[in-house]
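Chain by chain, the residues:
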Amino acid sequence: MITETFLRRPRGGAELAADVLRALGVVSIVIGGIHWGFVEVAVFALTLLGMLVPRFLGLRPGFDIAVGGTLLVAAWSGVFELYTSIDWLDIVIHFAANGLLAALFFVVAARTGVVPDVAAGTPSLLRSALLTTVFGLAAGVLWEMGEWAGHTFIDSDIFVGYTDTIGDLAVGGLGSLLAGLCIRWLTAESRWIGPRTEAEREEAPAHLGVGPAPRN
């Protein structure tokens with residue numbers, strides 16, 4: 001299912017735009033390796049990993065583009081040290097990125113049966129918002145731990161501090177709450193290819209790579 005969804009060809013300009021952003025993620029890794037060093041390459045590699053998740057999950061193009069664009073802006077802002085020169089940028093990025101990642105975690109949890117799938121009409125809007133907020137807060141804690149580890153063991157120029165950490169967690173939690181309130185829209189128009197019966201596989205288009213199995 002995951003492989004079939006990931007290999008599905010883009011249909012329409014929005015899906016193609018999302019894939020173009022992923023291509024820019026690959027280019028960013030190359031540029032990071034040429035002009036900077038290990039830290040930048042690692043940041044761009046993690047960024048690309050996050051950008052691939054929406055394609056594996058078959059999420060709606062608008063959600064896909066929002067994730068890819070936000071993560072790329074976040075990564076490049078760090079490389080050019082814009083967070084220290086633009087005071088409000090850190091708040092905006094944490095609000096948007098934390099919210100979008102929280103929604104991604106919710107979708108993964110729903111697909112694996114950890115939480116009810118909103119596509120099936122459950123859970124309620126309030127419950128889905130609370131669950132998404134919890135996922136977002138957990139992701140925010142991991143994010144801040146990563147920043148601390150980077151500052152302590154890799155590059156002391158990575159800014160960390162009590163006020164910054166608490167502020168980032170609070171803003172990220174608000175972004176996650178908003179994402180939870182919008183989770184039904186974010187998960188609508190899914191491109192996810194679910195389990196197929198043998199008859200459906202016989203009829204599947206060849207470009208999906210899920211045609212009939214070879215006969216002995």
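Residues numbered from 1 in each chain as written. Predicted model: local features only at pLDDT ≥ 70, side-chain atom pairs only at ≥ 80, totals over all residues. Heavy atoms only, no water.

Draft legend 1. The overall build of the chain, seen in detail. Secondary structure summary: the chain contains 10 helices and zero strands in total. Each helix and strand of the chain, ordered N terminal to C terminal, gives the series α-α-α-α-α-α-α-α-α-α. Here the chain holds 216 residues, and the buried ones make up 37% of them. Long-range pairs, those at least 24 residues apart, make up 72% of the contacts in the chain between residues at least 6 apart in sequence. For the chain, the accessible area works out to roughly 11800 Å², and carbon and sulfur atoms hold 70% of it. (Helix = DSSP H or I, 4+ residues; strand = E, 2+ residues; numbered from the N terminus. Buried < 20%, exposed > 50% of the residue type's maximum accessible area, 1.4 Å probe, protein only. Contact = heavy atoms within 4.5 Å. Areas by Shrake-Rupley, 256 points an atom, 1.4 Å probe, with all protein chains shown as cover.)

Draft legend 2. Up close: the nonpolar core. In this structure, L59, F63, V67, A103, L104, I183 and L186 are the most contacted members of the largest nonpolar core, which totals 20 residues. When residues of this core are traced back to their parent elements, those giving at least two are α3 (38-57), α4 (61-79), α6 (89-111) and α9 (183-186). Contact partners of I183, with chain neighbours within four places excluded, come to A103, F106, V118, S128 and T132. (Core = buried A, V, L, I, M, F, W, Y, C linked by side-chain atoms within 4.5 Å.)

Draft legend 3. View of helix α7 (residues 125-154). Its 30 residues place the ends of α7 42 Å apart at the C-alpha level, agreeing with the 44 Å of an ideal helix rising 1.5 Å per residue. Along α7, the residues that are buried comprise S128, A129, T132, T133, G136, A139, G140, E144, E147 and G150. Residues of α7 that are buried sit in contact with α6, α8 (162-181) and α9. (Expected span 1.5 Å × (residues − 1).)

Draft legend 4. Molecular detail of the environment of A45. Along the chain, A45 turns up in helix α3. On the accessibility criterion, A45 (36% relative accessible area) is partly exposed. Considering only alpha carbons, one finds A45 and G25, 20 residues apart in sequence, at a separation of 7.9 Å.

Draft legend 5. Local environment of helix α2 (residues 13-35). Between its first and last C-alpha, α2 extends 32 Å over 23 residues, near the 33 Å set by a 1.5 Å rise per residue. Against α3 and α4 lie the buried residues of α2.

Draft legend 6. Quick peek at the packing of aromatic side chains. Scanning all chains against the criterion turns up seven aromatic pairs. On the basis of an interplanar angle of 50 degrees and a centroid distance of 4.7 Å, the ring pair of F44 and W76 is categorised as tilted. Within this pair, whereas F44 is found in helix α3, its partner W76 is found in helix α4, the two being separated by 32 residues in sequence. For the ring pair W148 and F153, a centre distance of 5.7 Å and an interplane angle of 90 degrees mean the geometry is edge-to-face. Residue classification places F153 among the exposed positions, given a relative accessible area of 62%. One aromatic cluster is present, built from ring pairs that chain together W36, F44, W76 and F80. One Lys or Arg, R55, reaches over the ring of F6 and ends 5.9 Å from the middle of that ring. Lying over the aromatic face of W185, R60 brings its terminal NZ or CZ to 3.9 Å of the ring centre. (Phe/Tyr/Trp six-rings, centres within 6.5 Å; stacked < 30°, edge-to-face > 60°. Lys NZ or Arg CZ within 6 Å of the ring centre and 35° of its normal.)

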